[in-house]
Every structure is written in structure tokens, then in C-alpha cells.
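# Summary of the model geometry
Residue-level listing of the chains:
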Amino acid sequence: MTTETQDRVFTGFADIWRRARALGILRLIVFFAVLAVSAALLHATVDFGLRRQRTSSFGVMNRIVDGTINADIVIAGSSRALTHYDPRIIGAKTDLSAFNIGLNGAQTDMQIARIKTFLRHNRSPRLLIFNLDSFSFQTTHDGVYDPGQYIPYLSEPDIYTALRRINPDVWRSRYAPLYGYAVEDARLVWLLGLAGVIGQQPTEDHFLGFKPRNLPWTGDFDRFKASHPNGLPINVEQAAIVLIEELLRSCAESGIKVLLVYSPEYLPMQAMTTNRREIFDLFERIARDNGAELWDFSASPISGRKEYFYNSQHLNAEGAAEFSRIVGERLARSAL
């Protein structure tokens, strides 16, 4: 074989190799492109299914962002708000519409992000009841409770901003298809989303946002008391104080009356918080400085009745019904 022939052969093999490599790279690009598009479509499908939910917790959030609540009285706060205020009873006592947007497992920063999202989409209520608890002056530090619940709503500016303060990497859940559902969603809500696509709805356990808990006394308090016989102080964060004051000022500017309420807390638990007086002094100062009214039910007869609680912080369904009756009747007597 001559040198010229050898060169042609080697050139031919080199050309075939280059073409094969190019074709392989192209196939690889196409493969990953199809994978990315499929992931994006699946993510959008799950989001769509969750946004179609009209019952349970996603049903409440969807009503918030769809702007279909528009109640006269709105109750907000943590799980204590969620389980203590029955809008059906409060509405019947006041002849006004009421709705509960309390959020389970949420510290003050996420509670207020939910309130701001509500106000962004719905008509301003005549009255906002913001329920307080002994942890009201704390923000989220160790990650949000049930992060999967927020994934379909990461385009909501107040939700996203609050989550970014807690976890700067939350952008991955917003912009990387399926990342949030695969990494953050411990509750597998994506299955609920797929069910929603075909019209399946979870059992309704929220009634105008209120979630009654038909539970007996759990014994958690007894274990807590045994492990902390001298009680303990609860940390107070300036950041949480600022958030609450900003909310009150914003509501005042919008003509929304705010009622701060400390709903019943099991009486023996109250003695366990060693800086409780300091916390209530702050509640009173914030209410006074921002033109809000403060109702403290710490000394309510309900607080002394163990049968009305399922743990030291939360009323069961029977206790919530009694408390809602009292709140509704007091609101009916007041000037809303």
C-alpha cells in the first residue's frame, strides 16, 4: 500500500470517527433535552394537579391565591389559629363571613408571608384576627415544616421571599424541574398532584379553613414537664418583632382592623414559660404602639379544663367550638 493510499485510508477512518462522535454527542444532547422537557412537563402536571385541589390544605391555599375568599373576618396564625377558630360559629354569631388561613407548623415569618399572599389576591377583610402564641417572637431557622406544600406557589413573591431568607437554595425548587418534589417533598404531595389531574380530591378536613382535631389528651405536656421541672425561657427575636409591627402598620394603612388574640393555653403550661411576663409586655407594647386591640384568653376558664385540649397548646374540637362561641359573641358585642 502506497503512502498516498494509507493517507486516504487514515483520513477516511478519521472522518468516520469524527462523524460518529458528532452523532453520539448529538444523540446525547437530544437525550438530555428530551429528559429536561419531560421533567418540566411532569413538574407542570403535578403543579396543575395540586392547583386543582379544592379540599383540605391545598384547597385552602388555592382559594387564597385564586382570590375567592373575600371574607369579612379572616383568622391567621400558626396551628393554634388553624385548630382554635371555627369560622362557621364565628360567622353565625356576628352575621359576617369568616375564614381561617392558619398554617400548621409555621413560625411568624411564614405566617405573615401567607397573610401577605392572602391580602395580595383577596379583598381586604374588615377584621384580621392574628392569633398569638408563646413562640410568636421567633422566626424559622431549621427549615420550614412540610416544604412540599409551597412548591406550586413559589411564583408568589411573599412566599418565595420568606423561603429564600430561610433557605437561599430554594431557587432550585423554583427553577429546576422536579427538584423540589424529589428532594424537598417528604410527604410525596406529587402523588396528590397526579391524582388531582384526573379530578381526585382528598377528603375534606378543613371547614372554611378551620381544621378541628378530634383527639384525646396526648400526654406530651406531662413528658415535657418531667424533662423541664423548672420550666424554661422562650427566645425572643427582634426580626419577628419587626415582622409583626410591619404587618400591623401595613394593615392600618389599608384600613384593616387587626385584633391580636392569645387563645387559650393549658393553664399548667403557662407556668412553664419563665419569661412569659416579658413576652406579654411585648404583646401589649406592640398592640398599643400600632393601634391594635389585644385579647388575652390565658385566664379563660377554658385554659383550666384539660378535657378541652389534646396537648398544652392546642384545643381539641370540643374546646375549639366553645372558644369560637366566646370569640364570636364578644365580636358581636364589639364595634367591628
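Structure report, in brief. Since the structure is predicted, the reported quantities are computational estimates derived from the model, not experimental observations.

Criteria and cut-off values
- Residues numbered from 1 in each chain as written.
- Predicted model: local features only at pLDDT ≥ 70, side-chain atom pairs only at ≥ 80, totals over all residues.
- Heavy atoms only, no water.
- Salt bridge = Lys/Arg side-chain N within 4 Å of Asp/Glu carboxyl O.
- Helix = DSSP H or I, 4+ residues; strand = E, 2+ residues; numbered from the N terminus.
- Buried < 20%, exposed > 50% of the residue type's maximum accessible area, 1.4 Å probe, protein only.
- Patch = residues over 30% accessible without salt bridge, like charges linked within 9 Å, V, L, I, M, F, W, Y side chains within 5 Å.
- Areas by Shrake-Rupley, 256 points an atom, 1.4 Å probe, with all protein chains shown as cover.

A few words on the pattern of salt bridges. Close approach of charged atoms allows side chains with opposite charge to pair. Throughout the structure, instances matching the rule amount to 17 salt bridges. When the shortest N-O distance is used, the salt bridge between D66 and R54 registers 3.4 Å. On the criterion of sequence distance, the pair formed by D66 in helix 2 (residues 56-66) and R54 in the loop between helix 1 (3-51) and helix 2 is long-range, its members being 12 residues apart. A relative accessible area of 34% means that D66 is categorised as partly exposed. Close ionic contact of D281 with R277 constitutes a salt bridge, the shortest N to O distance being 3.0 Å. Here D281 pairs with R277, and both are found in helix 13 (residues 276-289), just four residues apart, close to one helical turn. On the basis of relative accessibility, which here comes to 48%, the residue R277 falls in the partly exposed class. One network of salt bridges, with partners in common, ties together K93, E322, R325 and E329.

For the rest of this paragraph, the subject is a nonpolar patch on the surface. On the surface, a cluster of nonpolar side chains totalling about 400 Å² of accessible area is made up of L42, L188, W190, L191 and L194. Of the residues forming the nonpolar patch, the biggest block, three residues, is contributed by helix 9 (residues 189-197). Mapped onto the secondary structure, W190 falls in helix 9. Since its relative accessible area comes to 30%, W190 is described here as partly exposed.

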